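Here are the chains, one letter per residue:
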Amino acid sequence: MVCLRWDHDEQELMTFELQVHTTGWVAFEFSPHGELPGSDIAIGGVFPNGSIYFADFHVVDEATLEEDKSQDYQLLSVTENETSTTMLFKCHFRTCDPNDLDITMDTACLVTAFGTDDTVQFFKGQRFSKSLFLMRYRGPSDSSDPKIFFTYDLRLDNFAVPVEETKYACTFIPPPIVKQKHHIYKFKPVITPHNITLVHHILVYACGNASMLPNGIDDCYGANPDFALCSQVLVGWAVGGESYQFPDEAAVSIGTPWDPQYVRLEIHYSNFDLLPGLIDSSGVRIYYTPELRKYDVGVLQTGIFTFPVHFIPPGAESYRSYGLCNSSQFDEMNGMLVPDLHVFAYLLHTHLSGRGVKAAQYRNGEQLGIICEDNKYDFRLQEIRDMKEILIIKPGDEILVECNFQTLDRSGITSGGPSTMNEMCLTFLFYYPRNNISSCMGYPDILYIAHVLKQEASDAVDGMMAMDFVDWDNETVKIAEKAAKEADQVVMIKTINELQRNESGLIRDITIPDQAVCHNISGHLSLSGLRATEDLCLTAVCTPESSTIKETASLPLLSLTQLVFSWLILASEYGK
C-alpha cells in the first residue's frame, strides 16, 4: 500500500508525506506527461544502521538518473518501521532549477517507485503513476454535514446497456418532494461497481416547469428530440471525479415554485469492448437539508457548441479551438437584471484528444485574466475544482474558452459529437446567485474556414464535408487554426425554459500572465551519491505504522498545517 498526503501554504510551499509499504528505497516523481525523461525526482530511505539518505534527481533519458546540482527538496524526516518507509519533505511551487518541474494549476502526473532494499536501482523498481490536482483549496476537514440532512438517489433502474461503443441514456425524474425550500449541499456518484469503467459521465439538468416531458428511458440525442430537453446543469460528474460539497455560503435550491419539478438524468456509457448483457443502475446521490445557505447555486455551460461545425484536423501536434460567450443579452433573456456571477468552482471537459483547456475573461474589450485552466489536461481526471478566490463575472463580460487538441494518432477529421472518439470543448462555471441562463457557447463561421482552405462550400453542411477533402499537413493545420480564430463567432445563449438567442463576436488574443518568481530552498541539501548522513537525521527515526499525520507533524522543523489531502493506492493496483 502507498499513501501520499500533501498540503500547501501562502508562502507557495508544498509539503508531501509519502508512505510506502517497503523497508527499501522510495522515490517520488513529477513526470512531464507520464514518461521518465525530464522527470523531477526525490529519492530517500533509511539504511539498516539507522542513518538516512535523501536527494533531488532528474531523469536524463530512459537509462540515466542524474543528481541535481541545486537540491530544492527540503527533507523534514525519513522514518522506517518493520513494514513501511515514510518520507516527509517540502518544495517551492517554482524553483530556479531548470531540472525541476513547476507545481501549477495544471493536472500533475505523479509517479511513485520503490525497491525492496536500500540499493537504489531506480529503473528496476516497482513503479506506478496517477494524475492528481495538487492545488486544492478546501480539504475534507473544511466541510461538514449539517445537523439535519437527507439523501436521495437520481439513478437508472436496471438499464440494459446496448452493445454499442457510445450510448447516451436519458430519463426524467422528479427531485425529492419537500414542503418548503431545501438546499442540495453535496452530491456524489453512485456507480454500479462492475461498471466503473463503463460510465463516462453523469449530468443532472434542471427542467423548466413549462416543459412537456416524455416518459421512459431513451437516447438523449437520438430520434426523439424531447429527450434532449432541459439544458441547465445542476450537478455533474465525469471520469476521475469524486463527491463534491458546495461552499458554506451557497447550494442548489429545491422546493420552491421557481425550482425544477423535474430533472433530466443523462448518463454517457462508453462500451468500447462491445460487451453484451450489461445492466446498470448508476446515478447521483444528492444530500439536501432544510438548513439554508445564503445563496442559490447556478451552473453556466460555456465553450464550443458541439454541433454541427466543431472539427479538429488529423495529424496535429497542437490544434487550438475557440468558443465565445458574449453575455451582453443576459439581462434581457433572464427576464430581469442578472446579478454579478460569483464563480467559486469549475469543471473542464474534452474527450481523448484534449490536451489543455483554459477560459479567459474580458470586459470592454480588455482581458481581465484567466478564469481557470489546465494545460496538462488528463481525460481520466475530470473533477470539479475550487477557485482560489471568488471571481466576479458581470453581465456584458465575454468568456472565451480555448481547447488544445492533439491528433497525431488519427488519420481522419475528428468532429464534435457525443462519442468519446468525437470531441468536446466545455467549461462549466459554478457560481451564485443563480439566474435563468443555462448555457452560452460559440462556434466559428465554417464557410469562412472552408474558403480560406480553398474549398468550395455553400452552407455549413458543405463546409464540414469540405474538411474531408483538405490535404492535411502541418501547414494546412495551422492555416485552419488561424482561420477558425479569425472567423466570426456565432454565440448561442439558452435559458432554463429553452429560450434561445444568437449573438455574435470575435475571438481575442489570450494573454498569459507572467510566471511567479522562482525560489531556492537550499544549495546545501545534496547527499551526493546517496551517501548516508547523520546531520539530517531527525529526532524521531521510527514512526509506528498506526501514527497519525498529526503525530508526524509534531516532529522538529515542521510547523506547517496538517496535510489535508491524500491519495491511497492499494497493492493490487501496482504497475510493474
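Before reading on, note that the structure itself is shown above.
These lines cover the structure that appears in this document, whether it is placed above or below.

The rules behind the values
Residues numbered from 1 in each chain as written. Predicted model: local features only at pLDDT ≥ 70, side-chain atom pairs only at ≥ 80, totals over all residues. Heavy atoms only, no water. Pairing = 2+ DSSP bridges. Helix = DSSP H or I, 4+ residues; strand = E, 2+ residues; numbered from the N terminus. Axes fitted to C-alpha atoms, helices over the stretch in contact; angles between N-to-C directions. Disulfide = S-S within 2.5 Å. Buried < 20%, exposed > 50% of the residue type's maximum accessible area, 1.4 Å probe, protein only. Salt bridge = Lys/Arg side-chain N within 4 Å of Asp/Glu carboxyl O. Patch = residues over 30% accessible without salt bridge, like charges linked within 9 Å, V, L, I, M, F, W, Y side chains within 5 Å. Areas by Shrake-Rupley, 256 points an atom, 1.4 Å probe, with all protein chains shown as cover. Contact = heavy atoms within 4.5 Å. Expected span 1.5 Å × (residues − 1). Arc of directions from axis to C-beta.

Here we take up the sheet that holds strand S34 (residues 437-444). Strand order in this open sheet of seven strands is S30-S27-S33-S24-S34-S35-S36, and the pairing throughout is mixed. Strand pairing shows two members of the sheet lacking a second neighbour, strand S30 (385-393) and strand S36 (500-505), which therefore form its edges. Strand after strand, the sheet turns through a mean of 25 degrees between neighbouring axes, direction not considered. Two elements, S34 and strand S35 (residues 489-495), share seven bridges in a ladder whose sense is antiparallel. Looking at the pairing, Pro444 lines up with Gln489 of S35.

Further remarks concern the state of the cysteines. With the rule as written, the count across this model stands at five disulfides. Linked covalently through their sulfurs, Cys170 and Cys220 form a disulfide whose S-S length is 2.0 Å. Between Cys170 and Cys220, the disulfide has an S-S torsion of 100 degrees and is therefore right-handed. Note that Cys170 is positioned in strand S13 (residues 166-173) and Cys220 in the loop between strand S16 (217-219) and strand S17 (232-238), a separation of 50 residues in sequence. Its relative accessible area of 0% is what places Cys170 among the buried residues. A sulfur-sulfur distance of 2.0 Å marks the disulfide that ties Cys403 to Cys425. Its torsion about the S-S bond being 90 degrees, the disulfide of Cys403 and Cys425 is classed as right-handed. Of this pair, Cys403 sits in strand S31 (residues 398-405) while Cys425 sits in the loop between strand S32 (414-415) and strand S33 (426-432), and the two are 22 residues apart along the sequence. Just as Cys403 is buried, Cys425 falls in that class too.

By way of backbone hydrogen bonds, the strands of a sheet pair with one another, either parallel or antiparallel. Taken in spatial order, the six strands make up an open sheet running S6-S5-S4-S3-S9-S10, and their pairing is antiparallel. Only two strands of the sheet have a single neighbouring strand rather than two, namely strand S6 (64-67) and strand S10 (126-132). Here the strands of the sheet are splayed against their neighbours by 25 degrees on average, with no regard to which way each runs.

Before going further, it helps to examine the pattern of salt bridges. Considering all chains together, one arrives at 23 salt bridges under this definition. The salt bridge partner of Lys181 is Asp296, with a shortest N-O separation of 3.0 Å. Residue Lys181 is located in the loop between S13 and strand S14 (182-190), and its partner Asp296 is located in strand S23 (residues 295-296); the two are separated by 115 residues in the primary sequence. A residue is classified by how much of its surface remains accessible, and Lys181, at 26% relative accessible area, is partly exposed.

Before going further, it helps to examine the pairing of strand S19 (residues 250-254). With five of five residues buried, S19 lies mostly within the body of the structure. Note: S14 against S19, three bridges, orientation antiparallel. Residue Ile184 lies in a different strand from S19, and its bridge partner there is Val252. Where S19 lies against S23, two bridges are found, and the strand directions are parallel. The partner of Ala251 across the bridge, within S23, is Asp296.

To continue, consider a nonpolar patch on the surface. On the surface, Phe272, Leu352 and Met421 cluster together into a nonpolar patch covering about 240 Å² of accessible area. Structurally, Leu352 can be placed in the loop between strand S27 (341-349) and strand S28 (354-363).

So, on to the environment of Glu165. As for its placement among the helices and strands, Glu165 is situated in the loop between strand S12 (159-161) and S13. The class for Glu165 is partly exposed, based on a relative accessible area of 41%. Between the C-alpha atom of Glu165 and that of Phe272, which follows or precedes it by 107 residues, the distance is 4.7 Å. Once residues within four sequence positions are removed from consideration, Glu165 is found in contact with Tyr269, Ser270, Asn271, Phe272 and Leu274.

The end-to-end C-alpha distance of helix H4 (residues 474-486) is 19 Å, a good match for the 18 Å that 13 residues give at a rise of 1.5 Å each. Residues of H4 that are buried include every one of Thr476, Val477, Ala480, Glu481, Ala483 and Ala484, and no others. Within H4, the buried residues cover an arc of 165 degrees as seen down the axis, which keeps them to one side. Facing away from the buried side of H4, by more than 90 degrees, are the exposed residues Asn474, Glu475 and Lys482.

In this structure, the amide linkage connecting Phe307 to the following residue, Pro308, adopts the cis form with an omega of 0 degrees. Inspection of the secondary structure assignment puts Pro308 in the loop between strand S24 (298-304) and strand S25 (311-312). Looking along the chain, the bond that leaves Tyr432 and enters Pro433 is cis, with omega of -10 degrees. Assignment of secondary structure puts Pro433 in the loop between S33 and S34.

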